[in-house]
Structure formats: structure tokens, C-alpha cells
Amino acid sequence: MRTAVLSPRDALAGRLDPEGRHRPEPGLARAAVLVPIVEEPEPALLLTRRADTLRLHAGHLSFPGGREEEGDAGPVQAALREAEEEIGLDRAHVEVLGALDAVRSRTQGISVVPVVGLLARRPELEPRAAEVAAIVELPLAEVLATEPREIDWTAGDTTVRTYVYDRADGDDVVGLTARIVKHLAERLREGAAR
């Protein structure tokens, strides 16, 4: 599986929506997350560990992102803005490759567009302490060598069937973030197989 991570740009070519068009289901709010892939020294995803003081999903791993705001020109701009606000990622360092299919948050009533961005190397980042406790790297080789397992996950009054990537260090990836990682892994595998 290692060859699938040789070039994320090549593996994802033609497998993403270049415009990040957002077609939310009626009645759902719009949101976007940035799915940053750092190429050097080894391809890895950058995730945030949400601050323990947050009301929703405290301590969970997630991608930087949030709801689209009135001034955003679509999900790509929303994802880049949110990444700047949450982790201090200068958008000039991000090569936007496109977007994965929108994912519905079954517990929050939002439609999330995952925008995939490539970074040549990990830049200096300044996480906003009110939102982000830490930045975590998830090697793409680990993602591609692992299949997530399905679980029943309860958030508030709602229980949903979702995925979890179990990690040796206990920093598991669960819920919406795991669904996005699974979709990304599928696209990478498809691209590597051609």
C-alpha cells in the first residue's frame, strides 16, 4: 500500500471536485473543513485535537473548519479562513486540490465539504488555544494500511452508526472526521490503482 502515498497530488488527480461546489440538503447549514496533507518528510494529514473546554466533541480529533460565513465565497474560502483562524495556517502555503463529496453531520444538522489542500512541508502553526489543544499528524501510510471499524456513537440524544480508526497511541479518529478520512483513503487507493 505504500505506493499509494507516493504522490497524493497524482493519486487524487481527477478524483476531487476542483470548485468545491456545495449542494447541501435542504434545511442543513453549510460548513467546510480543510483536509491538509503535508508532503514532507512523509505524507501525513494534519488534524487538530479540540480543546477540552469546547461544548461539542471536546478532546476529539478533527480537521480545522466550521460554518460558512456570509463573506465566504464558498466552501474553499471557508475552509481556508477557518484553518487560518484555528491553527494559524497561512493560505499561501496551501495548494487546494479540490473537495471530496459533502458529508452530512447526523448529530448537528450540517452539510460539511472537505476541502483537500496540499502543503509541501509543515509550516509553523499557532493553534488558537480556545479551540485547539494540539495539532496531530496522521501518516497517510497508516490510514491506507488500516480499515476503520463501525461503531454506534452517541452524541446527546442521538445514536448513529459511524466509523473509528483505532490508533496504537490511543488517539483514535472517530465520527465525521473518520468518515472524511475513509473517503480520502478510497480516492487515494483508486488513484494509486490506475
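Refer to the structure printed above.
Here the structure is a predicted model, which is why all the values come from computation and not from measurement.

Peer 1: Teacher, can you tell me more about helix 2 (residues 75-87) here?
Peer 2: Residues three or four positions apart in an α-helix share a direction because the helix packs 3.6 residues into each turn. With 13 residues, helix 2 extends 18 Å from end C-alpha to end C-alpha; this agrees with the ideal 18 Å at 1.5 Å per step. For helix 2, a buried count of 10 out of 13 residues is recorded, marking the element as mostly surrounded by other parts of the structure. Where helix 2 is concerned, the buried positions are Pro 75, Val 76, Ala 78, Ala 79, Leu 80, Arg 81, Glu 82, Ala 83, Glu 86 and Ile 87. Of the surrounding elements, those touching the buried residues of helix 2 are strand 1 (29-40), strand 2 (44-50), strand 4 (65-67), strand 5 (95-99), strand 7 (110-121) and strand 8 (132-139). Downstream of helix 2 by a residue or two, Gly 88 has a phi angle that is positive, lying close to 70 degrees.

Peer 1: Sorry, what's going on with the pairing of strand 2 here?
Peer 2: The two faces of the sheet receive side chains in turn, since in a regular strand these alternate between them. For strand 2, a buried count of 5 out of 7 residues is recorded, marking the element as mostly surrounded by other parts of the structure. Sheet topology note: the strand 1/strand 2 ladder contains 2 bridges and is antiparallel. When the bridges of strand 2 are listed, Val 38 appears paired with Ala 44. What sits between strand 1 and strand 2 in their antiparallel hairpin is a turn of 3 residues.

Peer 1: Where do I start with the pattern of salt bridges in this structure?
Peer 2: When their charged atoms lie close together, side chains carrying opposite charge are able to pair. Applying the stated criterion to the full structure yields 18 salt bridges. A salt bridge links Arg 9 to Glu 95; the shortest N-O distance between them is 2.6 Å. You can see Arg 9 sitting in helix 1 (residues 8-12) and its partner Glu 95 sitting in strand 5, a full 86 residues away along the chain. Glu 95 sits in the partly exposed class, given a relative accessible area of 35%. Between Glu 85 and Arg 81 there is a salt bridge whose closest N-O contact spans 3.3 Å. Here Glu 85 and its partner Arg 81 are both found in helix 2, 4 residues apart, which amounts to about one turn of the helix. Taking the relative accessible area as the measure of exposure, Arg 81 reaches 12% and is therefore buried. Members of the salt-bridge network, linked through shared partners, are Glu 69, Asp 72, Arg 81, Glu 82 and Glu 85.

Basis of the calculations
- Residues numbered from 1 in each chain as written.
- Predicted model: local features only at pLDDT ≥ 70, side-chain atom pairs only at ≥ 80, totals over all residues.
- Heavy atoms only, no water.
- Helix = DSSP H or I, 4+ residues; strand = E, 2+ residues; numbered from the N terminus.
- Expected span 1.5 Å × (residues − 1).
- Buried < 20%, exposed > 50% of the residue type's maximum accessible area, 1.4 Å probe, protein only.
- Contact = heavy atoms within 4.5 Å.
- Pairing = 2+ DSSP bridges.
- Salt bridge = Lys/Arg side-chain N within 4 Å of Asp/Glu carboxyl O.

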